[in-house]
Amino acid sequence: QVQFVESGGGLVQPGGSLRLPCAASGRIFSIYHMAWYRQAPGKQRELVAAITSSGRTNYADSVKGRFTISRDNGKNTVYLQMNSLKPEDRAGYYCNADRYYINLKVGGDYWGQGTQVTVSS
């Protein structure tokens, strides 16, 4: 069993940046494919970015060029670097993990509790 805890959310002005870490418990973090989802009030959950166990990445069109997903297996942590933030990026951001990459497209087995990001002047 593995658990994930997100942090790093908060209030930021449009155009600003935030980095969201998601820390995993356990010693087998490296075998999991990881993703970040977000959900805004009244909207469907959206897959923002994903990274395979070997480091290959994929992004939603809405964040491509602004967000970067990365992982540090030595620290059991996956990161979401968010730059040039827009008001429409406001949402709860959730870390997601699965042993099979394809499952991340619909939500993998393991979820964090989420961290809130607000973009407002």
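The following refers to the structure shown. On a predicted model such as this, the values are computed, not experimentally measured, just so you know. What you see as residue numbers is a count from 1 along each chain, following the sequence as written. It should be noted that, the model being predicted, local features are given only for residues of pLDDT at least 70 and side-chain atom pairs only at 80 or more, the latter also being counted only at that level, while totals for whole chains, interfaces and linings use all residues. Excluded from the side-chain calculations are hydrogens and water; all other atoms, namely the structure's heavy atoms, are used.

Topic: the packing of aromatic side chains
Stacked, edge-to-face and tilted labels apply to pairs of Phe, Tyr and Trp rings (six-membered ring for Trp) whose centres lie within 6.5 Å, assigned for plane angles under 30 degrees, over 60, and everything in between, in that order. Summed over the entire model, instances satisfying the criterion amount to three aromatic pairs. Taking 6.4 Å as the distance between ring centres and 85° as the angle between the ring planes, the aromatic pair formed by Phe-4 and Tyr-32 counts as edge-to-face. Of this pair, Phe-4 sits in strand β1 (residues 4-6) while Tyr-32 sits in the loop between β3 (18-24) and β4 (33-39), and the two are 28 residues apart along the sequence. Here the aromatic rings of Tyr-37 and Trp-111 are separated by 5.1 Å at their centres, their planes lie at 55°, and the arrangement is tilted. With Tyr-37 in strand β4 and Trp-111 in strand β10 (residues 110-111), this pair connects stretches of sequence that are 74 residues apart. Here's how the labels work: a residue is buried when its accessible area is under 20% of the maximum for its type, exposed when over 50%, partly exposed in between, all with a 1.4 Å probe on protein chains only. For Trp-111, a relative accessible area of 31% puts it in the partly exposed group. Positioned above the aromatic ring of Tyr-37 is the side chain of Arg-45, whose terminal nitrogen or guanidinium carbon lies 5.0 Å from the ring centre. By definition, any uninterrupted DSSP run of H or I lasting at least four residues is a helix, any uninterrupted run of E lasting at least two residues is a strand, and each is numbered from the N terminus. Each ring is checked for a lysine NZ or an arginine CZ that lies within 6 Å of its centre and within 35 degrees of its normal; such an atom marks a charge sitting over the ring.

Details of the state of the cysteines
Defined by distance alone, a disulfide is two cysteine sulfur atoms within 2.5 Å. Using the criterion set out here, one finds one disulfide in the structure. Residue Cys-22 pairs covalently with Cys-95 via a disulfide, S to S 2.1 Å. Measuring handedness by torsion sign, the sulfur bridge of Cys-22 and Cys-95 sits at about -85° and is left-handed. With Cys-22 in strand β3 and Cys-95 in strand β9 (residues 91-98), this residue pair connects regions lying 73 residues apart in the sequence. Residue classification places Cys-22 among the buried positions, given a relative accessible area of 0%. Residue Cys-95 is classed as buried on the basis of its relative accessible area, which comes to 0%.

As for the pairing of strand β7 (residues 67-72)
Here β7 shows one buried face, formed by Phe-67, Ile-69 and Arg-71, and one open face, formed by Thr-68, Ser-70 and Asp-72. The pairing of β7 with strand β8 (residues 77-82) spans six bridges and is classified as antiparallel. Within β8, the position partnered with Thr-68 by the bridge is Gln-81. When DSSP locates at least two bridges between a pair of strands, those strands are taken to pair.

So, the pattern of salt bridges
Think of a salt bridge as a Lys or Arg side-chain nitrogen and an Asp or Glu carboxyl oxygen that are within 4 Å of each other. One pass over the full model with this rule turns up four salt bridges. Across the pair Asp-61 and Lys-64 runs a salt bridge, and its minimum N-O distance is 3.1 Å.

Overview of the side chain of Arg-71
Turning to its location among the elements, Arg-71 is positioned in strand β7. When charges are tallied, Lys and Arg are placed among the positive residues and Asp and Glu among the negative ones, while His and the ends of the chain are skipped. No salt bridge is formed by the buried Arg-71; its nearest oppositely charged neighbour, Asp-72, is found at 8.4 Å. Of note is the side chain of Arg-71, whose polar atom sits 3.1 Å from the backbone oxygen of Phe-29. A polar side-chain atom of Arg-71 sits 2.9 Å from a polar atom in the side chain of Asn-73. Whether two residues are in contact is decided by their heavy atoms: any pair within 4.5 Å suffices. For Arg-71, the residues in contact, after removing those within four places along its chain, are Phe-29, Ser-30, Tyr-32, His-33, Met-34, Ile-51, Thr-52, Ser-53, Thr-77 and Val-78. A 3.5 Å cut-off defines polar contacts: any pair of N or O atoms within that distance qualifies, except that in protein one atom must be a possible hydrogen donor and the other a possible acceptor, and neighbouring residues in sequence count only when both atoms are side-chain atoms.

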